[in-house]
Structures are given as structure tokens and as C-alpha cells.
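Observations on chain architecture
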There are 2 protein chains.
Amino acid sequence: MEVNIKRLAEELNLSIATVSRALRDSHEVNPETKKRVLQLAAKLNYQPNPFASSLRAQKSKTIGVIIPEVDNNFFSLAIKGIEDVAQEKGYHVLVYLTHENVIKEVEITRLLQGGRVDGILMSVSSETAHIEHLLELQKKNIPIVFFDRVCEALDPPKVTTDDYESGFKATEHLVESGCKRIAFLQISNNLSIGRKRFKGYTDALEKNQLSFDESLLIVGTKNEVENYAAIKQMLTSANPPDGVFASVESLAITTYYVCKEIERKIPSHVKIISFSNLTTAALLAPSLTTITQPAYNIGKEAMTILFRLLKKNNYPYKKHVVLSSTLIKRDSTSPL
Amino acid sequence: MEVNIKRLAEELNLSIATVSRALRDSHEVNPETKKRVLQLAAKLNYQPNPFASSLRAQKSKTIGVIIPEVDNNFFSLAIKGIEDVAQEKGYHVLVYLTHENVIKEVEITRLLQGGRVDGILMSVSSETAHIEHLLELQKKNIPIVFFDRVCEALDPPKVTTDDYESGFKATEHLVESGCKRIAFLQISNNLSIGRKRFKGYTDALEKNQLSFDESLLIVGTKNEVENYAAIKQMLTSANPPDGVFASVESLAITTYYVCKEIERKIPSHVKIISFSNLTTAALLAPSLTTITQPAYNIGKEAMTILFRLLKKNNYPYKKHVVLSSTLIKRDSTSPL
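The rules behind the values
Per-chain numbering applies: the sequence of each chain, read as written, is numbered from 1 onward. Starting at A for chains and at 1 for ligands, labels are handed out in the order in which the entities are written. Local features in a predicted model are, by the rule used here, given only for residues with pLDDT of at least 70; side-chain atom pairs are given and counted only at 80 or more, and totals for whole chains, interfaces and linings are based on all residues. Water and hydrogen atoms play no part in the side-chain values, which are based on all heavy atoms of the structure. The copies were overlaid by least squares, fitting only the C-alpha atoms of residues that reach a pLDDT of 70 or more in each copy. In what follows, residue pairs with any heavy atoms lying within 4.5 Å of each other are defined as contacts. For two strands to be treated as a pair, DSSP must find no fewer than two bridges joining them. Helix and strand definitions follow DSSP, with helices as H or I runs of at least four residues and strands as E runs of at least two, each counted in order from the N terminus. An axis is simply a line fitted to the C-alpha atoms; with a helix, the fit covers only the stretch in contact. Between two such axes, the angle follows the N-to-C directions and lies from 0 to 180 degrees. For any pair of parts, buried area is found by adding up, for both, the accessible area (1.4 Å probe) each one loses once the two are put together. In the sections that follow, a salt bridge refers to a side-chain nitrogen of Lys or Arg positioned within 4 Å of a carboxyl oxygen of Asp or Glu. Residue types Ala, Val, Leu, Ile, Met, Phe, Trp, Tyr and Cys, when buried and joined through side-chain atoms within 4.5 Å, form a set referred to as a nonpolar core. For every residue, the accessible area obtained with a 1.4 Å probe (protein chains only) is divided by the maximum for its type, and the residue is called buried under 20%, exposed over 50%, and partly exposed between those limits. Each angle receives one of four descriptions, namely roughly parallel if under 35 degrees, roughly antiparallel if over 145, roughly perpendicular if within 65 to 115, and oblique otherwise. Two helices that cross are described as forming a left-handed crossing if the nearer one is turned anticlockwise from the farther one by less than a right angle, and a right-handed crossing if clockwise. Throughout this entry, Asp, Glu, Lys and Arg are counted as charged residues, while Ala, Val, Leu, Ile, Met, Phe, Trp, Tyr, Cys and Pro are counted as nonpolar. The remaining residues, Gly among them, count as polar.

Further remarks concern the relation of the copies chain A and chain B. Each copy of the sequence occupies a distinct position, and chain A is placed on chain B by a rotation of 179° and an axial shift of 0.1 Å, giving an RMSD of 0.3 Å. Such a combination of turn and shift is consistent with a two-fold rotation axis. Minimal C-alpha distance to the rotation axis in chain A is attained by Leu-284 of chain A, lying at 2.0 Å. Here 98% of the contact residues of chain A are again contact residues in chain B; the copies associate through an equivalent surface.

All names here are of chain B. If you walk across this open sheet you meet the six strands as β2-β1-β3-β4-β5-β11, and the pairing is parallel. The open sheet is flanked by β2 (92-97) and β11 (320-323), the only strands paired with a single partner. Pairs of neighbouring strands in the sheet enclose a mean axial angle of 15°, with direction left out of account. Where helix α6 (residues 102-112) meets the sheet, its contacts fall on β1 (62-67), β2 and β3 (119-122), and the angle it forms with β2 comes to roughly 150°.

Right, let's talk about unusual backbone geometry for a bit. Residue and element names in this part refer to chain A. Note the cis peptide between Ile-266 and Pro-267, where omega equals 5°. Assignment of secondary structure puts Pro-267 in the loop between α11 (249-261) and β9 (271-275). The residue after Ala-285, namely Pro-286, is reached through a cis peptide bond having omega -10°. With respect to the helices, strands and loops of the structure, Pro-286 is situated in the loop between β9 and β10 (289-292).

Time to look at the environment of Lys-89 of chain B. Residue and element names in this part refer to chain B. Here Lys-89 shows up in helix α5 (residues 73-89). Linking Lys-89 and Thr-304, residues 215 residues apart in sequence, is a C-alpha distance of 9.2 Å. Setting aside anything within four residues of it in sequence, one finds Lys-89 in contact with Lys-61 and Phe-307.

The next point concerns the interface of chain A and chain B. On the chain B side, the residues contacting the 42 residues of chain A number 41 residues. Across the chain A/chain B interface, buried area totals approximately 3,900 Å², and carbon plus sulfur atoms make up 55% of it. In this assembly, chain A and chain B are joined by two salt bridges. Here Glu-83 of chain A and Lys-104 of chain B are joined by a salt bridge, their closest N and O atoms 3.5 Å apart. Elements with a minimum of two residues in the side of chain A that touches chain B: α4 (50-57), α5 (73-89), β2 (92-97), α6 (102-112), α7 (132-139) and α11 of chain A.

All right, on to the nonpolar core then. In this structure, Ile-63, Leu-121 and Phe-147 of chain A together with Ile-63, Leu-121 and Phe-147 of chain B are the most contacted members of the largest nonpolar core, which totals 58 residues. Non-local contacts of Ile-63 of chain A, meaning those with residues more than four positions away in its chain, are made with Ile-82, Tyr-91, His-92, Val-93, Leu-94, Val-117, Gly-119, Leu-121, Met-303, Leu-306 and Leu-310 of chain A. Of all hydrophobic cores here, the second largest spans 50 residues; its members include Ile-266 of chain A together with Val-244, Leu-251 and Cys-259 of chain B.

On to the packing of α5 of chain B against helix α12 (residues 295-311) of chain B, then. Packed helices, taken two at a time, are described by the angle between their axes plus the distance between the axes. All names here are of chain B. At a minimum axis distance of 7 Å, the contact between α5 and α12 shows a crossing angle of 40°. Relative to α12, the element α5 is oriented oblique. Both α5 and α12 take part in a crossing whose hand is right-handed. Here α5 contributes Phe-74, Leu-77, Ala-78, Lys-80, Gly-81, Ile-82, Asp-84, Val-85, Ala-86 and Lys-89 to the contact with α12, which in turn contributes Ala-295, Tyr-296, Ile-298, Gly-299, Lys-300, Met-303, Thr-304 and Phe-307. Of the residues assigned to the contact of α5 with α12, the class counts are eleven nonpolar, three polar and four charged.

Moving on to the pattern of salt bridges. This model, assessed by the stated rule, comprises 22 salt bridges over all chains. Of the charged contacts in the structure, one is a salt bridge between Lys-232 of chain A and Glu-261 of chain A, with a shortest N-O distance of 2.8 Å. Here Lys-232 of chain A, found in helix α10 (residues 224-235), pairs with Glu-261 of chain A, found in helix α11; they are 29 residues apart in sequence, far enough to count as distant. Relative accessible area serves as the criterion here: at 28%, Lys-232 of chain A is assigned to the partly exposed category. The residue Glu-88 of chain B makes a salt bridge to Lys-89 of chain B at a minimum N-O spacing of 3.9 Å. By relative accessible area, which is 63% here, Glu-88 of chain B ends up exposed.

These results come straight from atomic positions and should not be treated as a statement about function.
Now the structure itself:
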């Protein structure tokens, strides 16, 4: 038999309201009664129903963080930033993983419509091309803040890095290091951050009188074997690239393995730069030049904005906060 | 106003039971009525309450995976194994992160008592020294399977690797490579896997007539700066180790950075071996010798056992499945 407030009330011959007040440590209940309620609750291992209590309080003091994947360090760091602010403000954080799967993303957003969380921080799955499930959340008045992988079509506040400028900067860095044929590796055409980085790349090529060659563009899949094969084919082609710009770190790592197998030397044969928060970037042979995003601060900023939305106070906040990434030059792009 | 079954029933002048049946596409409701219900549900953006439906059906077809952290690749791979089996069996997977924080772990287990999931796969937080919250889950008859970081004191099925044997093997490998003073780095004394690896280490020392020196044992914290300082102090002491065995990969990476700073050469000055599923292990300078756990298979095995528990069929299963890890020799432990 379920141990709920009703059962406690029956066993103690008290009203449900009195038991409920006693459990909330209300001053309206006399200490003797309170003690009886708490003793029985402990004896029967009573667990408050978190959903019922949330419905009553209209606040779960919990926020949901929906992220695609955690293979890279970016999201671990962003979560740390989110949790540091959340803890300070008295909020709990629940993390949900979509694994870049839009069906799972829809499923999670549906679950969260049930009042489980007060607000949501979200980095969209790479597959997320339709947005109905996000519109539904908005209709339910659950505040959302997007971070890093944002949904451009929607109105909620966004926290991103300067993806266009970073894409431009990374490409120019390869040009300055002597590259003439620069490949671009990304994982999806559906992400605005990928499109912005790509635009920065093509604009930097144009500025430097280099033409964009479609055979140097690889759009990776979730299948690592396929990605490996595509990169290997490109690097062993008749006219291979002398520079590789990876929009995600997993493709940079794959490129390192391909170079190892085909004995292509980094940086003398091919130079590599990657968006990355990899903890081992400086330890690789050779060390990897990175565009490093301020992941911790992105998380902090996103949670700070969400907190303001939840408080419904009138602190002004920017609709789109853009933080700067840092180019960290290492051996993988050394000029000859 | 909340759009629930009651409201739909009122607006359509139907009974709640009829609306409920129509939404479940029951044959008992005539097609015309069904159509009216579905049209109004669509118009008002009706969302079924997932908790209420689960309570009725007594099955959420969802399992919860509770893991401490995702800084390393082990858990990403284990989740892939879990999801592959879950998908095949028609189950959804929700991943919850504890961040090695026992308070968060208790919070998550409490939430899951509300019937959100049919079963739980769990790798305990390093802080988990008390087990009341796990006993509560058992009382609620929610099946649990532990994997990797198991709770030895509890009865539920466990899937682990051969931590003692691997600890022994890693230490013997360092001895065979010429090490005489071998340090052991771990993150917590509360984890059974840490204790087993440590026992393997001390037994291998003893077998090789090497004595255990307490100054060569480092128990890391969540504070990376502290860990860095502790490892640096050990390596710059008057009598430093000539071999380092890291029980977790983050401490091996920190050791690499310390060696870089103090210009201690790996493997000529100090050799390093680590438990690790790091994707970049073979790309490091020098490449890192690892004890690699079959993370994907651990996840697969754990989900398979949980599925059997959920089906309550009488397929026999082992209470404790032990899979073997693999020693992958690379340059960080090359003999001189």
C-alpha cells in the first residue's frame, strides 16, 4: 500500500491538511501533533511525491539542461558553469542527454512539459531541423535559454561564441602558416554554429584570393568509420589539402589517426586547427592548435539569464550574448 | 487553464472515461466521437501527463541511467552499449549525472521513486559511502543493476571488470619495464573498484619484493589544482617514483602536464600506465599505455540483465558479471 499523506492522516486520525502542514513544518500545527506526524512518516518511510508538491508550490526549484553529447569537454565545462550559478541561486540542475537524436530531444522536451522543471537550458541536437517541440515548450510558458547550439528561428535568449569571427580567424591562421588548400570538416548542416563557422571559412578564403573547393568539404556523420574513410580518401587524393580546419574536435582526432596511418606528417605535410576544449590538446604529438570556447562562462551566462527570466524581475538582459573564443597556437600549425 | 482530460470531456460534453479511451484509440469508442476528441486535443495542444499515464499503465518503458561524470570516455561508451540494447527491446533511456556528488545522487534516486522509470542502471558517485537512498529504491521494487562502480554492500546484480587482476597486471607491467618505486593515484577511498585496483597494486608489489611506500599514494580530490600540486610535490621530492599507475585517466593527464612543466621525461625518467578509454591515448606524446575497460560491453551486459529483471521471466542470469580489461602497451612504459 502506497504511503501518502492520506494514509498518514487516516492512521493518525487527523485531517489531510493538518498532516500536510505538519510535514511542511507549519506554525499552525502544535508541536505535539507535528512530532506524531513526523514519527509515523519516518516509520513508514513516507516519501513526498515531488510532482504533487511541485504542482502545489508551482515551483520545482529545478532547471533542466538538455545537451546533445558529452564526448567532448565543452559540455562538461558548460555544466560546471551552470551548476555554480544554480547552486548560488538555490536551484537544482538535471542534465538530459539527447545523443544528437532529435526523437530523443522531442521525448525529453515532452517529459519536461509536465512541470518537472521551472526552466530549461538547451543546446540543440545536430538533427534538430524542425522546432515544433520547442514551440510547445514556449506555449507552456517554460522559459528557455539556448546556449552554443542555438535555434536561430526562435525568440528565446541565446548565449553563443563568435562563431563567424572564429571561423574566419582559424582559416586566416592556416593561410598565414602557408596553407593554400584548406579543408573544412563539420558534423551537420543543420546547426547555425556550423553554418557561421563555414561562412567565416569561405569569407577568409575569398579575402585571401583562395577559391573554395567543394571536394575539401566533409560533413561527418555519427558513424566514425565513415568519417575516417572520408578523411582518408580526401588526404590520399591526387590533390590533397595542406591544411585542415575541424569545426568539432572529434573530427580533428580522427584526422590525427588518419595521418598516423598514412604517414602524413603534421604540420609539415598538413596543418590542423580545431574548435576544441580537449584537455589533452597540449599533450598530443604534435600539440593541437585550437579555437577554445569559453565553455564555463557560456554556462554561467546562460544560467544567469535563465534565473532572471524565472524571477520575472525587470533586470535588463541581452537577448543574444556573444562571448569570444581564443585562438591557441600550438605545433600542429607551425609554419615550415 | 490546464488542458487535461477533464477539460476535454467538459468541452465535448463526454465522460472522462470516453475521452481517455478515445485518446488511447480504443475500439470501444465510435470513430466519429474519436475524431471529435482528437481534433479538440490537437486544437488545444493537449499533452498527456506522462506521470499519470505511467501510473495507469504501471510501465513507463523508460529506464534511468545514473552516472557520476562524463569527463572520460568510459561512460559515453557504456551509454552507447546500454542504448543499443534498450532500443532493441523498446525501452527509452534517460541519463542523469551526479557529478560525483552524493547529495545530487540522493536527489535523483528520490525523483525516480515517483514512477518515472521502470528500472535503473547505476554507477555510484565516488562519495557514496552511505546507502540509504539505494535501499529505498529497493523497497519500492524498482530493479537496479550496478555497473563499473558498484555498491558492494547491496544485493542487486553487478557488472564490473576484473579490477583486482587489472591492478595487479598494470603494476607487474611497470615492474617488468624496470620500475622500482611505483606510485598509485586514485580519486576516492569509497569506491570498491578503487580498493580492488589498489589491492592488486599492493599484492603485485609484494610478489616482486617491493615494499609499499605510503608517500607514493595520492588520493585525488575534485580540485584539479590540488591534484596537480600533489603530483608535482611527489615527482619533485627527494625520492621520486620511477613509475606511476593512475586508477583514473584524469590523474594520468595531470601527471603528463606536471612532467611537461618540470621537464621529467616519459618514459625514461618516469613510466606511466592508466585505466583509460581516452580516444587520444595513442596520439599523446608519448602514447599512453592503458588498461582499457570493455565499456561498451559493460553497458550492453548491464542493460540485458535489467531487461530480464523487468520481464520477470526466469532466464537465469549471473548476479555478478565480470568482464576482462585489456592491457595496451604503448610508449609511456617502454623499457629503457
